[in-house]
Each structure stands twice: as structure tokens, then as C-alpha cells.
Amino acid sequence: MSNGWNTFVTDFRFVFIQDDRWKSLFQGLGNTLVITFFAVMIGIVLGAIVATVRTTYDKNNGDMKKRNPVGFYILSIANVICKLYLTVIRGTPVVVQLMIAYFIIFATSNNSTAVAVFAFGINSGAYVAEIIRGGIMSIDEGQFEAGRSLGFNYGQTMIYIIIPQVFKVVLPTLCNEFIVLLKETSVAGYVGIMDLTKAGDIIRGRTFSAFLPLLGVAAIYLVMVVILTALVGCLERSLRKNER
Amino acid sequence: MKLKRGLAAVLVAALAVGMMTGCGSKSSDKQAASDKKETLVMATNATFPPYEYVDGQDYAGIDVEVAQAIADELGMELQIQDVEFGSIISGVQSGKFDIGMAGITVTEDRKKSVNFTNTYATAKQVIIVKDGSAIQTVDDLSSNTKIGVQQDTTGDIYTTDDYGEDAVTRYNKGADAVQALLTGKVDCVVIDSEPAKEFVAANDGLKILDTEYVEEEYAICVAKDNDELLNQINDVLDKLKSNGKIDEIVNKYISAE
């Protein structure tokens with residue numbers, strides 16, 4: 001038993017401590033967090049815009065056609081663009097999108113982290129859009145009618161009555177999407193970015209040992225996801241205060 | 001409820017045992033089949049022309065043909081596993097693959113993990129730059145140069161040691177590093193000379209600097225505890241060298257200048 005422990009300690013020293021290899025793990029972790037954080041920001045903004053366009057179109061296209069034909073056409077075009085965006089982004093793998101962004105769209109950009117933020121943000125936006133749209137659609141039609149009968153217009157009904165309810169509905173799914181995104185950034189190594197997975201890979205390549213680098217990286221991801229889940233749990237509990 | 005849960009646990013356990021024994025019997029079947037002609041599993045990274053690359057549906061290159069010649073001499077069947085370069089040595093070490101052959105340079109660090117056969121080819125690390133680049137010789141490289149490499153190759157290891165972690169951008173394939181050089185994401189690429197020639201020939205506006213970065217030797221790696229295979233391969237390599245077979249294969253892929 002103590003022999004096995006000693007081997008473990010020796011291996012641990014060799015894999016993580018020697019040559020300051022743990023430093024590249026932390027640098028990688030930093031890059032992973034930076035990419036995830038800013039991609040989440042882009043995803044939320046983009047997702048909210050796309051979801052707004054899609055639901056506004058779906059809920060209003062009937063009477064808007066008669067009342068405001070110009071606005072209707074603009075909205076129709078925006079809706080088609082959003083649908084196209086959703087189809088393309090959800091229909092292709094994120095690794096391929098990342099490489100297209102890196103080697104084709106931003107071929108001349110030298111800031112690979114920014115390119116990754118862009119690629120993951122655009123990707124996440126599509127999924128967030130559908131999550132928010134699903135949330136809005138799940139709110140009972142009676143809530144809209146109640147808002148309108150109070151004299152609110154469509155926008156006011158949305159802001160004061162629907163969105164607060166939507167927020168609570170979508171939070172668990174949204175959290176799930178961000179956990180997925182955090183782990184999806186592990187493909188950033190494809191374009192030469194040193195994220196957490198790549199840092200583990202480099203240690204694996206230098207030490208020719210697979211066991212500790214892989215399990216170490218897995219443990220760090222797990223800890224991050226557990227922390228993230230706990231934070232969202234707190235938020236969910238405080239949002240549930242009005243319920244019995 | 002509790003009873004049900006207990007029942008489920010028993011079922012899961014039974015299933016797991018069933019799967020394990022299922023796997024066990026399957027692998028012993030395989031063993032029996034391979035007794036007729038043993039397989040020699042070779043790990044490589046087929047993105048490294050002219051040593052190993054994918055040609056149509058098949059693997060081709062110097063390493064592939066040399067390995068085939070060795071397998072023929074030993075009366076074994078060659079099976080090629082295309083994996084990431086960085087996974088080859090640890091895979092050989094753990095016994096997943098019998099040999100690793102991917103233009104692998106013999107280094108002291110690698111010798112700690114695996115044994116190397118006698119060398120079968122020499123190579124050098126060279127520097128690829130764009131035409132008109134400010135980098136004229138190896139002395140123009142510094143810690144401020146953006147150097148592109150294929151991850152875990154000696155080009156990666158040496159430049160990281162010489163110019164530091166931040167100067168080096170690591171790509172999964174040599175071709176990706178060259179693509180990054182073409183679009184200005186890195187200033188130069190340090191890679192083995194023969195693949196470098198292929199990459200430069202395939203893309204306009206690139207050149208190889210006259211001064212090489214470092215010279216090195218390729219060998220086949222075998223697990224530490226597999227001395228029998230190591231000796232067998234060394235014997236065959238000697239034979240292939242003396243009867244001119246290796247030169248013949250090399251000349252087929254690399255035209256003498």
C-alpha cells in the first residue's frame with residue numbers, strides 16, 4: 001500500500017511538479033475560462049436577439065401583415081436570416097466551425113483566443129436562442145392576453161410579464177448549455193491555443209505518461225462544473241422564493 | 001421500492017459480469033485466430049510526408065514500407081494504427097502498440113520511456129519562412145519570434161527549450177502549422193526537412209532557410225520489456241540495410257539532389 005503511494009507521489013512529482021509543468025496547466029485553465037466566459041457573453045446576447053426575432057415573428061405575423069406591411073417584411077427577412085443561422089450552426093460540428101473561423105474567416109488575424117471566443121460565442125448563440133425561444137413559447141397564452149388586456153403593448157407584455165417568468169424556466173437548461181460550452185472549448189487545441197486539454201496533452205507528450213495528465217485534466221474540469229452547478233443552484237433557490 | 005432498487009442492482013451487476021466475460025471470450029478468440037500469423041501493430045501519425053501519409057485509402061511512405069519489409073521478414077502481418085504523434089510513445093510503452101514508427105527522433109528523454117532500435121534514417125530540423133521574411137538564418141530566431149510546430153515533435157521540444165513556452169504555437173499537424181505560416185499567424189515553422197520540402201513544394205511563397213536548426217536520427221521505438229522484438233527488428237534492419245532494400249525505399253520517395 002505504502003509502496004503504491006510512494007510510486008504515486010513520485011509520478012505526481014514527475015508529471016506535475018518537475019519543470020514547472022503545473023504552470024502550463026494553470027495557464028491552460030486560464031485560457032479555457034477566458035474563452036468560455038466571453039463566449040457565454042456573446043452567446044447570451046446573440047441568443048436573446050435571435051430568440052426575440054423568432055418569437056416576435058411567430059406570435060405577430062398574422063395581424064402585423066395587415067397593420068404594418070413594411071415592418072412585417074423587415075421582420076420576415078430577419079426571421080429567415082435567423083433560421084438560416086440556426087440551421088447552419090446547429091448543423092455543423094463546433095470543431096469544424098472553429099477551424100473555418102481560424103483558417104478561413106479570420107485567416108489574417110493573429111489573436112487566436114479572440115477567434116476562438118468568436119467561434120464558440122456564435123456557436124453557443126444558436127443553442128441559447130432555441131432555449132430562450134422554447135422558454136417564451138412555454139409561457140401560457142393567457143399571460144399574453146392578460147398583459148394585453150391591461151393595456152400593455154406586445155413589447156411591454158414581454159418585458160414586464162413574460163421575460164421574468166421565462167428567466168426562471170430557462171435557467172436550468174441555460175446552465176446546462178454553459179456546462180457543455182465549457183467542455184466544448186477543449187477542442188481549442190486544434191487551432192494551436194493552449195487550453196486546459198491542450199496543456200494536459202503537452203504534458204502527456206513530454207512525460208509519455210497518460211494516466212496522471214488525463215485524470216488531472218478531467219478532475220479540473222469536474223471541479224469547475226461542480227462549482228458552476230452550485231452557483232446556479234443558489235440562483236435558482238433565490239428565484240424560487242415566491243413559490244410555496 | 002427498496003426491494004426494486006436491490007433487484008436493479010443485482011441485474012446491473014449480472015449485466016456487467018456478462019459483458020466482461022463476453023469481452024474475455026472474444027479477445028481469446030482473436031488470440032486463437034492470430035496464432036496462425038501474428039500481427040505487428042505499428043503506431044504512426046500519417047500526416048508526415050514522405051515518411052508516412054495517406055495516399056487515397058492506403059498508408060504510404062518510407063516508414064510504412066520499411067515496416068512492411070520488417071513484417072515480411074519476421075513472417076508477421078503489419079497492422080497500422082494512425083494516432084496523434086504525442087500518443088505514440090506512451091501507447092508503445094503501455095503495450096497498446098508493438099512498435100512506433102513515425103519519423104521518431106531518438107532523444108535522451110524518450111529513451112527513458114521506450115527502447116529504440118538502430119537508426120534507419122537521418123534527418124534535420126529546418127526552418128520554413130515566407131519569401132521576403134526578416135528571418136534569414138537560425139540566429140534571427142528569438143523569444144519574440146512566433147514559431148509554429150507540430151506538437152510533441154523534436155521541433156516543438158527544441159524550440160520550447162531554446163525560446164520558451166510563449167514563443168511556440170503547437171498544431172496537431174505539420175500542415176496546420178504551415179497553413180498558419182501562410183496566413184501570417186506565425187513567423188516561421190520548425191519541422192523535419194523532408195516534410196518541409198513537401199510543404200514548400202505544395203504552397204507558393206514559402207522557402208526553407210539554408211541553415212538547419214539541428215540534425216537528428218530516426219529510429220523505431222519498442223516497449224522497454226520487449227527485448228525479443230527489439231533484437232529481431234535490429235537484425236532485420238541490418239539485413240535490409242546491407243541488401244540495399246532501405247536505400248531503395250528511401251530513393252523511391254526522396255529524389256537525390
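Just so you know, these numbers come straight off a predicted model, no measurement behind them.

Right, let's talk about the overall build of chain A for a bit. Summing up its helical and strand segments, chain A has 9 helices and 0 strands in all. Its helices and strands taken in sequence order, chain A reads α-α-α-α-α-α-α-α-α from the N to the C terminus. For 244 residues, the compact-globule estimate of 2.2 N^0.38 gives 18 Å, and the C-alpha radius of gyration of chain A, at 23 Å, exceeds that figure by more than 25%. A principal-axis box enclosing the C-alpha atoms of chain A has dimensions of 80 × 50 × 25 Å. The proportion of buried residues among the 244 residues of chain A is 43%. For chain A, contacts bridging at least 24 residues in sequence account for 75% of all contacts bridging at least 6. Looking at chain A as shown, the accessible area adds up to about 13100 Å², and 68% of this sits on carbon and sulfur atoms. One finds the centroid of the 21 positive side-chain charges in chain A at a distance of 2 Å from the centroid of its 15 negative side-chain charges.

With that settled, consider the confidence of the model for chain B. Residues and elements named next belong to chain B. Mean pLDDT over chain B stands at 86; residues scoring 70 or higher make up 85%. When pLDDT is averaged over each element of chain B, strand β6 (residues 99-100) comes out on top at 96 and helix α1 (residues 2-34) at the bottom at 52. Under a pLDDT of 50 for its full length, residues 20-34 has, in the predicted model, 0 contacts with residues more than four places off or in other chains. Across the assembled chains, the prediction reports ipTM 0.75 with pTM 0.79.

A few words on unusual backbone geometry. Following P49 of chain B, the chain continues to P50 of chain B via a peptide bond in cis, the omega torsion being 0 degrees. Within the fold, P50 of chain B resides in the loop between β2 (47-48) and β3 (52-55). One non-glycine residue, D20 of chain A, lies in positive phi territory at about 55 degrees. With respect to the helices and strands, the residue D20 of chain A is situated in the loop between α1 (2-17) and α2 (21-67).

Below, the discussion takes up the sheet that holds strand β5 (residues 77-82) of chain B. Residue and element names in this part refer to chain B. The strand order β5-β1-β6-β14-β7 describes an open sheet built from 5 strands, whose pairing is mixed. The two strands at the open ends of the sheet, each matched to only one other strand, are β5 and β7 (114-116). Bridge count for β7 against strand β14 (residues 221-223) is 3 bridges, and the pairing is antiparallel. Residue pairing in the sheet places F116 in a bridge with C221 of β14. Packed on one face of the sheet, helix α2 (residues 62-74) meets β1 (39-44) and β5 and runs near 150 degrees to β5.

Attention now goes to the interface of chain A and chain B. With 22 residues of chain A at the contact, the number on the chain B side is 27 residues. With both sides pooled, the region where chain A packs onto chain B buries about 1900 Å², and carbon together with sulfur makes up 46% of that total. When residues of chain A are sorted by the area they lose upon contact with chain B, F103, R206 and F208 of chain A head the list and together hold 37% of the total. For the pair chain A and chain B, the number of links is 2 salt bridges. For D152 of chain B, the salt bridge identified is with R206 of chain A, shortest N-O distance 3.5 Å. Counting every contact that joins chain A to chain B gives 12 residue pairs in polar contact (both at pLDDT 80 or more). Put simply, the parts of the chain that give the side of chain A that touches chain B at least two residues each are α4 (94-105) and α8 (196-207) of chain A. Of the residues forming the side of chain A that touches chain B, the biggest block, 7 residues, is contributed by α8 of chain A. Residues of the side of chain A that touches chain B, tallied by class, amount to 9 nonpolar, 9 polar and 4 charged.

Residues and elements named next belong to chain B. Taken together, the 3 strands give an open sheet; going across it, the order is β2-β3-β4, and neighbouring strands pair in antiparallel fashion. Every interior strand has two partners, whereas the edge strands, β2 and β4 (58-60), have only one. Inspection of the sheet shows β3 paired to β4 by 3 bridges, in the antiparallel sense. Within β4, the position partnered with D55 by the bridge is D58.

Attention shifts here to a nonpolar patch on the surface. Residue and element names in this part refer to chain A. Among the surface-exposed residues, W5, F8, F12, I17, W22 and F26 lie close enough to one another that they form a single nonpolar patch of about 640 Å² accessible area. Elements supplying a minimum of two residues to the nonpolar patch: α1 and α2. At 4 residues, α1 tops the list of elements feeding residues into the nonpolar patch.

Moving on, we come to the nonpolar core. Counting residues in each nonpolar core, the largest one holds 48 residues, and the members touching the most others are I35, L98, F120, I136 and I162 of chain A together with I128 and V189 of chain B. Among the elements of the structure, α2, α4, α5 (112-138) and α7 (154-184) of chain A together with β8 (121-130), α6 (174-182), β11 (188-192) and α7 (193-202) of chain B are those that each provide at least two residues to this core. Once residues within four sequence positions are removed from consideration, I162 of chain A is found in contact with I136, I139, Q143, F144 and T157 of chain A. Formed by 33 residues, the second largest nonpolar core is a distinct cluster that contains Y51, V64, Y218 and L240 of chain B.

To continue, consider the domain arrangement of chain B. One frequently used descriptor of interface size is the decrease in accessible area upon assembly of the parts. Residue and element names in this part refer to chain B. Looking at chain B, the domain boundaries give domain 1 (39-120 + 219-253) and domain 2 (123-215). Centre-to-centre separation of domain 1 and domain 2, based on C-alpha positions: 25 Å. Counting from both sides, the interface comprises 12 residues of domain 1 and, opposite them, 13 residues of domain 2. Each partner contributes to the roughly 1100 Å² buried at the junction of domain 1 and domain 2, and carbon and sulfur atoms together form 60% of this total. Broken down residue by residue, the surface that domain 1 buries against domain 2 is led by T47, F48 and P49, which jointly contribute 39%. In this structure, the connection of domain 1 to domain 2 is made through 0 salt bridges. For the pair domain 1 and domain 2, the number of links is 2 residue pairs in polar contact (both at pLDDT 80 or more).

Another aspect to go through is the packing of α7 of chain A against helix α9 (residues 211-239) of chain A. Residue and element names in this part refer to chain A. At a minimum axis distance of 11 Å, the contact between α7 and α9 shows a crossing angle of 170 degrees. Judged by the inter-axis angle, α7 sits roughly antiparallel to α9. Residues F167, K168, L171, P172, C175, I179, L182 and K183 of α7 touch α9, and the partners they reach there are Y221, M224, V225, L228, T229, V232, L235, E236 and L239. When grouped by side-chain class, the residues that make up the contact of α7 with α9 number 13 nonpolar, 1 polar and 3 charged.

This part covers the UniProt feature "transmembrane region" (unreviewed entry) in chain A. Residue and element names in this part refer to chain A. UniProt annotation of "transmembrane region" (unreviewed entry) refers to residues 29-50, 70-88, 100-122 and 210-235 when read in the numbering used here. As annotated, residues 29-50 has a helix share of 100% and a strand share of 0%, and its two end C-alpha atoms lie 31 Å apart. A distance of 12 Å separates the end C-alpha atoms of residues 100-122, which is 74% helix and 0% strand.

About the criteria used
- Residues numbered from 1 in each chain as written.
- Chains lettered and ligands numbered in written order.
- Predicted model: local features only at pLDDT ≥ 70, side-chain atom pairs only at ≥ 80, totals over all residues.
- Heavy atoms only, no water.
- Helix = DSSP H or I, 4+ residues; strand = E, 2+ residues; numbered from the N terminus.
- Rg over C-alpha atoms; globule rule 2.2 N^0.38 Å.
- Buried < 20%, exposed > 50% of the residue type's maximum accessible area, 1.4 Å probe, protein only.
- Contact = heavy atoms within 4.5 Å.
- Areas by Shrake-Rupley, 256 points an atom, 1.4 Å probe, with all protein chains shown as cover.
- Lys, Arg positive; Asp, Glu negative; His and termini not counted.
- Charge placed at Lys NZ, Arg CZ, Asp CG, Glu CD.
- pLDDT = per-residue confidence, 0-100.
- Pairing = 2+ DSSP bridges.
- Axes fitted to C-alpha atoms, helices over the stretch in contact; angles between N-to-C directions.
- Buried area = accessible area lost by both parts, 1.4 Å probe.
- Salt bridge = Lys/Arg side-chain N within 4 Å of Asp/Glu carboxyl O.
- Polar contact = N/O pair within 3.5 Å; in protein donor to acceptor, adjacent residues only side chain to side chain.
- Nonpolar A, V, L, I, M, F, W, Y, C, P; charged D, E, K, R; others polar.
- Patch = residues over 30% accessible without salt bridge, like charges linked within 9 Å, V, L, I, M, F, W, Y side chains within 5 Å.
- Core = buried A, V, L, I, M, F, W, Y, C linked by side-chain atoms within 4.5 Å.
- Domains from an automatic or database assignment.
- Parallel < 35°, antiparallel > 145°, perpendicular 65-115°, else oblique.
- UniProt positions renumbered as here; feature names shortened; annotations may be inferred.

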